[in-house]
Amino acid sequence: MIEQHYRPEIVEADVQHYWDAGECFRVTEDPSREKYYCLSMFPYPSGRLHMGHVRNYTIGDVISRYQRMRGKNVLQPMGWDAFGLPAENAAIQSQVPPARWTYDNIAHMKVQLRRLGFAYDWGREVTTCRPEYYRWEQWFFTRLLKKGLAYKKMATVNWDPVDQTVLANEQVIDGRGWRSGAPVERRDIPQWFIRITAYADELLAELDNLSGWPEAVRTMQRNWIGRSAGVEFDFGVEGDNAPLRVYTTRPDTVMGVTYMAVAAEHPLAAKYAEGDPPLAAFIDECRRTDVTEAALEKMEKKGHRLPVHALHPVTGEQLPLFVANFVLMAYGTGAVMAVPGHDQRDWEFARAHGIEIRQVVRPVDGDADLEAGAYIAKEATVSCNSGQFDGLDFQACFDATAEYLTQHANGERTTRYRLRDWGVGRQRYWGCPIPVINCDQCGALPVPDEQLPVLLPENVEFQGVGSPLANMPEFYATACPQCGGAARRETDTFDTFVESSWYFARYACADHDGGMVDRRADYWLPVDQYVGGIEHAVLHLLYARFFQKLMRDEGLVDVDEPFTNLLTQGMVLNEIFYRKTEEGRITYFNPADVDVQTDQRGARAGAALRTDGQPVISAGIGTMSKSKNNGVDPQALIDRFGADTVRLFVMFAAPPEHTLEWNDDAVLGANRFLRRLWALVHSHQAAIARLNAGRCGNGGFDWAGSHPDPQVRALRAAAHAALERINRDYQRYQFNTVVAACMELLNAIDRFDVPQAAGDGDEARVAVVLEALAILVAVLAPIVPHVAHVLWRALGQVDDVIDARWPEVDAGALERDTVEMVVQVNGKLRGHIEIESGADEERIRAAALSEEKVRRHVGDSSIRRVIVVPGKLVNLVVG
Ligand code: ANZ
Ligand code: ZN
């Protein structure tokens, strides 16, 4: 028997204790059962959970619990993405070693996660900064090294000249070091890379098969990989110059070339700069400009004419030749054929230099306006002004020109990727040491297996200037594994994306100490449902897919793709309030400290800070963030309302992929719903207990055939119709409408009259309430598992609701088996009857006459005729 009042703090503590004691969420591999692996992106242990975590993990937990009730063998693990920069920053600020800070945070956040009641198998917890984990990452890297899939090359880093250290991108603020404030310099140093480009084709091709991923994410990955088909071929150059080789993705526009451009570093530019000081100065200027894509887009397109012409490979035409600041030496051949009619950069440059803009492509129907800008379309187009290549669509013209250029201009078709190899080295302390030994004689060698792991010293003096590893001979001094001479350990550590690229596989066998993974990974992988933030759409998800393939090719796992289905949850938003001082300094105020005033019509009239009553400015709604001071602390909410209310709120407030706007009233509403549910079960529990006792438990009531009481039938129909909708919405993860349907069902049960005293004929009324409540509690169990656990018991169920079988829709209950008919006597409305659809005339007539009002109007007259409009109306003609 449950108490009268819902007290979440007691309910939740009890139920969590029960789950722990029974190890209810521990799973083992069971080949006889269908597995379901549900994974939420593991958190960085920053210290506290935020609402984004709560949303992410609630969605994952609801899916996991739902699948379990559907009979699957469900794995839902949790762990910690524990290496990374914030630990170093904290160490500098508060003098705690990064390891201590990290482990303390993990301990605290674990308590918070437990408090939310997530069904995790904590026995599989993975903490990436522990040697048990990262040793296998090191081992794996040494395999990649041996296969040539890992290599070292020069790469540019941000260098802080005052602190004498490499800075991460996040540590560069407006071009200055975050601590020293000194302008950051660029330096080239040797760094470690993994050859992701070797898998570019497969990573791209398999995106087509990932039908369980949002199209937007697949598109982002496609663009990131950026495969393009192109042609490299030669233009002639006047004088005794070598031919000028270009790379283009639009050979179909070759007839529209009106000038040529080379990069400042191109040999042709250098050749003519010798006797030309203005050109030399221009080249110098180009070298100093930023070459990021964004900068190239915006900057003024500048160029300097060279004293020779290039020669068109088809027409032999003389083309002006420039050195231009928008051509990059590192891309393609460092030279471009410029087609101002169909390339925007070329168009801008041509405009600025008075060069001809020639149209060679037009829309199939109509024309393009080249006065406004370049016409870049490739679909529904046709080539024009192109001589022998006229009248072709994009692909046909591409093929025809490519073929011609291959024959006549030393051409070659090429495939290029935007994707670059993954630079995995970081000049940081709090990361996994890269397992390499550098020997002056033998070069960079992998650390031998028996010397792994290379332990990261955890008790370090951390000054924040550079990585302490580079100043710790006890760490770096070692012997060369090949010649035995003195050698130096690599002091770079891995990018933390390396750890998160394989943790999903490690969960399958987290306790395995004989290798990276064991055969249990074959049982669990691929992850059936992955849940996480859209901010990881490209890097993390691409690296994880890449690692899956690397592991496959090492024989460690057998599937090609790690994540069958991906759900990217939307951001959690809240209002933003601020004040600005006269000097322009902005202070943000937490919405919880702001009172919003409304006018008579309920529209917002203003907002004021509660503490001083003075106005604050509203900046609308935005993502919850520290910088805007508009976060809501989940812990405070849990303390006040309980975890179930918080879980219910986040699931009800919006579909998982949409943004979720914070709303205090809706949190209260969620709490009220749970209290009503509790009260409802409480009010019926005595009657239910009697019913169950009479039927030896389970309330098993035989609903075969139609029940004579229309109200009983109606409630059954409502419950099963709700279940049908709920099932559909669970399948498509529309949890908000699941909750809405539950609310309606609760109202329907609430309206239903149940006799509270024992009485024979009322058994069906208790039974139908029990059935409806059992459906309601069962379908709510994934969302509000604690309260559902207790209420399930109160309904007389012996099993735990986590293991209850998902309720089934009884199609018989759904059939609208009665119709309402209007009863007329001599054409005048005299009453209504509820009657089985398909009842015959005899039955309808009897039912009509059983109505008191109808009987009065018929009186003693004889019935001469009965006119039935099926399903609608019966007219008794009397006289
Ligand atoms: C002629 C042309 C005509 C081009 C046209 C585009 C549109 P993606 O797709 O990113 O690979 N390009 C080639 N090498 C370059 C370099 N070193 N610096 C700057 N731009 C360069 O880009 C390929 C296109 O970028 C090439 O195709 C070339 O311009 C330009 F209607 O050639 B195109
Ligand atoms: Zn050596």
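Residues numbered from 1 in each chain as written. Chains lettered and ligands numbered in written order. Predicted model: local features only at pLDDT ≥ 70, side-chain atom pairs only at ≥ 80, totals over all residues. Heavy atoms only, no water.

(A) Expanded view of the overall build of the chain. Within the chain, the secondary structure is distributed over 26 helices and 37 strands. Viewed in the frame of its principal axes, the chain has a C-alpha envelope of about 125 × 75 × 65 Å. Burial analysis of the chain (879 residues in total) assigns 53% to the buried set. Across the chain, the fraction of contacts at a sequence separation of at least 24, relative to all contacts at a separation of at least 6, is 71%. Taking the 93 positively charged and 120 negatively charged side chains of the chain as two groups, their mean positions are separated by 4 Å. (Helix = DSSP H or I, 4+ residues; strand = E, 2+ residues; numbered from the N terminus. Buried < 20%, exposed > 50% of the residue type's maximum accessible area, 1.4 Å probe, protein only. Contact = heavy atoms within 4.5 Å. Lys, Arg positive; Asp, Glu negative; His and termini not counted. Charge placed at Lys NZ, Arg CZ, Asp CG, Glu CD.)

(B) Highlighting the pairing of strand E13 (residues 303-311). Here 2 bridges tie strand E10 (residues 228-237) to E13, and the two strands are oriented antiparallel to one another. Paired with Gly236 across the bridge in E13 is Leu311. By the bridge criterion, 6 bridges tie E13 to strand E14 (residues 318-324) in an arrangement that is antiparallel. Following the sheet pairing, Arg305 is matched in E14 by Phe322. Between E13 and E14, which follow one another and run antiparallel, lie 6 residues, and Gly316 among them has a positive phi close to 75 degrees. (Pairing = 2+ DSSP bridges.)

(C) View of the coordination of the zinc ion (ligand 2). Ligation of the zinc ion (ligand 2) by protein atoms is provided by Cys439 (SG), Cys442 (SG), Cys480 (SG) and Cys483 (SG), these donors lying 2.2 to 2.4 Å from the ion. Coordination geometry of the zinc ion (ligand 2): the 4 donor atoms subtend angles of 105 to 114 degrees at the metal centre, consistent with an arrangement described as tetrahedral. Mapping the donors of the zinc ion (ligand 2) onto the primary sequence yields the spacing C-x2-C-x37-C-x2-C. Taken together, the residues span a long stretch of sequence, with Cys439 in strand E21 (residues 436-439) and Cys480 in the loop between strand E23 (477-479) and strand E24 (486-489) at a distance of 41 residues. As far as the burial class goes, Cys439 and Cys480 line up, both buried. (Donors = N, O, S within 2.8 Å, 3.2 Å for Na, K, Ca; no water. Tetrahedral: all angles 85-135°; square planar, octahedral: opposite > 155°, others 65-115°.)

(D) Region of interest: the pattern of salt bridges. Per the stated rule, a full pass over the model turns up 60 salt bridges. Arg351 is paired through a salt bridge with Glu371; the nearest N and O atoms lie 3.0 Å apart. Note that Arg351 is positioned in helix H11 (residues 344-353) and Glu371 in the loop between strand E16 (361-363) and strand E17 (381-383), a separation of 20 residues in sequence. Overall, the relative accessible area of 39% leaves Arg351 in the partly exposed class. Close ionic contact of Glu852 with Arg856 constitutes a salt bridge, the shortest N to O distance being 3.9 Å. With a gap of 4 residues between them, Glu852 and Arg856 both fall in helix H26 (residues 852-858), about one helical turn apart. For Glu852, a relative accessible area of 48% corresponds to the partly exposed category. Three or more residues are tied together by salt bridges with common partners; here these are Glu202, Glu206, Arg545, Lys549, Arg552, Asp553, Asp560 and Glu561. (Salt bridge = Lys/Arg side-chain N within 4 Å of Asp/Glu carboxyl O.)

(E) Expanded view of helix H5 (residues 131-146). With 16 residues, H5 extends 22 Å between its outermost C-alpha atoms, agreeing within 8% with the 22 Å of an ideal straight helix rising 1.5 Å per residue. In terms of burial, H5 is a largely internal element, 13 of the 16 residues being buried. Note on H5: the residue one or two positions beyond its end, Gly148, has a positive phi of about 75 degrees. (Expected span 1.5 Å × (residues − 1).)

(F) Layout of the sheet that holds E23. Taken in spatial order, the 4 strands of this open sheet run E22-E21-E24-E23, and their pairing is antiparallel. In the strand order of this sheet, the two ends are held by strand E22 (443-446) and E23, each with one partner. Each strand of the sheet is rotated relative to its neighbour by a mean of 40 degrees, with strand direction disregarded. Bridge analysis of E21 against E22 gives 4 bridges, and the strand direction is antiparallel. Each bridged residue has a counterpart across the sheet, and for Val436 the counterpart in E22 is Pro446. (Axes fitted to C-alpha atoms, helices over the stretch in contact; angles between N-to-C directions.)

(G) Expanded view of the nonpolar core. Phe141, Phe504 and Tyr730 are the most contacted members of the largest nonpolar core, which totals 202 residues. If near-sequence neighbours (up to four positions away) are discounted, Phe504 is found in contact with Tyr37, Leu39, Leu525, Val527, Ala544, Gln548, Met551, Pro562 and Phe563. Phe233, Ala264, Leu279 and Val360 belong to the second-largest nonpolar core, a separate cluster that totals 43 residues. (Core = buried A, V, L, I, M, F, W, Y, C linked by side-chain atoms within 4.5 Å.)

(H) Focus on the site of ligand 1. Not every one of the 17 residues close to ligand 1 is listed here, only the nearest: Thr248, Thr249, Leu328, Tyr331 and His342. Within the side chain of Tyr247, an N or O atom sits 3.3 Å from an oxygen atom of ligand 1. Within the contact set of ligand 1, a nitrogen atom lies 2.6 Å away from a backbone nitrogen or oxygen of Leu328. Surface burial for ligand 1 is 82%, taken as the share of its 650 Å² of free accessible area covered by protein chains. Only strand E11 (244-248) and strand E15 (335-338) provide two or more residues apiece to the shell around ligand 1. Residue composition of the shell around ligand 1, by class: 8 nonpolar, 6 polar and 3 charged. (Near = heavy atom within 4 Å. Polar contact = N/O pair within 3.5 Å; in protein donor to acceptor, adjacent residues only side chain to side chain. Areas by Shrake-Rupley, 256 points an atom, 1.4 Å probe, with all protein chains shown as cover. Nonpolar A, V, L, I, M, F, W, Y, C, P; charged D, E, K, R; others polar.)

(I) Structural context of the packing of helix H18 (residues 643-653) against helix H21 (residues 735-751). In contact at an axis separation of 6 Å, H18 and H21 are set at 110 degrees when each is read in the N-to-C sense. When the axes of H18 and H21 are compared, the pair comes out roughly perpendicular. Facing Leu648, Met651 and Phe652 of H18, the residues of H21 in contact are Phe735, Asn736, Val739, Ala740 and Met743. Counted by class, the contact of H18 with H21 contains 7 nonpolar, 1 polar and no charged residues. (Parallel < 35°, antiparallel > 145°, perpendicular 65-115°, else oblique.)

(J) How the structure looks around the sheet that holds strand E9 (residues 185-194). Read from one edge to the other, the open sheet built from 4 strands follows the order E6-E5-E9-E19, with strand pairing classed as antiparallel. Bordering the open sheet on either side are strand E6 (165-167) and strand E19 (422-423), each of which pairs with just one other strand. Here strand E5 (residues 150-160) runs beside E9; their pairing, made up of 10 bridges, is antiparallel. Bridging across to E9, Val157 finds its partner in Arg187. Along the sheet, H5 makes contact with E5 and E9, crossing E9 at roughly 90 degrees.

(K) Structural context of the packing of aromatic side chains. Per the stated rule, a full pass over the model turns up 42 aromatic pairs. Ring centres of Phe140 and Phe547 lie 5.6 Å apart, and the angle between their planes is 50 degrees; on these two criteria the pair is classed as tilted. Here Phe140, found in helix H5, pairs with Phe547, found in helix H16 (residues 539-553); they are 407 residues apart in sequence, far enough to count as distant. Assessed through its relative accessible area of 1%, Phe140 is described here as buried. (Phe/Tyr/Trp six-rings, centres within 6.5 Å; stacked < 30°, edge-to-face > 60°.)

(L) Seen up close, helix H3 (residues 85-94). Within H3, the full set of buried residues consists of Leu85, Ala87, Glu88, Ala90, Ala91 and Ile92. Those residues of H3 that are buried lie in contact with helix H4 (98-115). Among the residues trailing H3, Gln95 stands out with phi positive, at a value near 60 degrees.

(M) Quick peek at the state of the cysteines. Per the stated rule, a full pass over the model turns up 0 disulfides. The thiol sulfur of Cys129 is not disulfide-bonded, and the nearest other cysteine sulfur, from Cys432, lies at 11 Å. Cys129 sits in the buried class, given a relative accessible area of 1%. (Disulfide = S-S within 2.5 Å.)

(N) Spatial organisation of unusual backbone geometry. Here the bond from Leu452 into Pro453 is cis, since omega is 0 degrees, no more than 30 degrees from zero. With respect to the secondary-structure elements, Pro453 resides in the loop between E22 and helix H13 (473-476). Cis peptide bonds are those with omega within 30 degrees of zero, and the linkage from Leu525 to Pro526 qualifies with 0 degrees. With respect to the helices, strands and loops of the structure, Pro526 is situated in the loop between helix H15 (520-524) and strand E26 (527-533). Although it is not a glycine, Asp174 adopts a positive phi angle of roughly 50 degrees. Along the chain, Asp174 falls in the loop between strand E7 (172-173) and strand E8 (176-177). Taking relative accessible area as the criterion, Asp174 reaches 76% and is therefore assigned exposed. Unlike most non-glycine residues, Asn629 shows phi in positive territory, near 50 degrees. Within the element layout of this structure, Asn629 appears in the loop between strand E32 (617-623) and helix H17 (634-641).

Interpretation note: all reported values are geometric properties and have no functional meaning in isolation.
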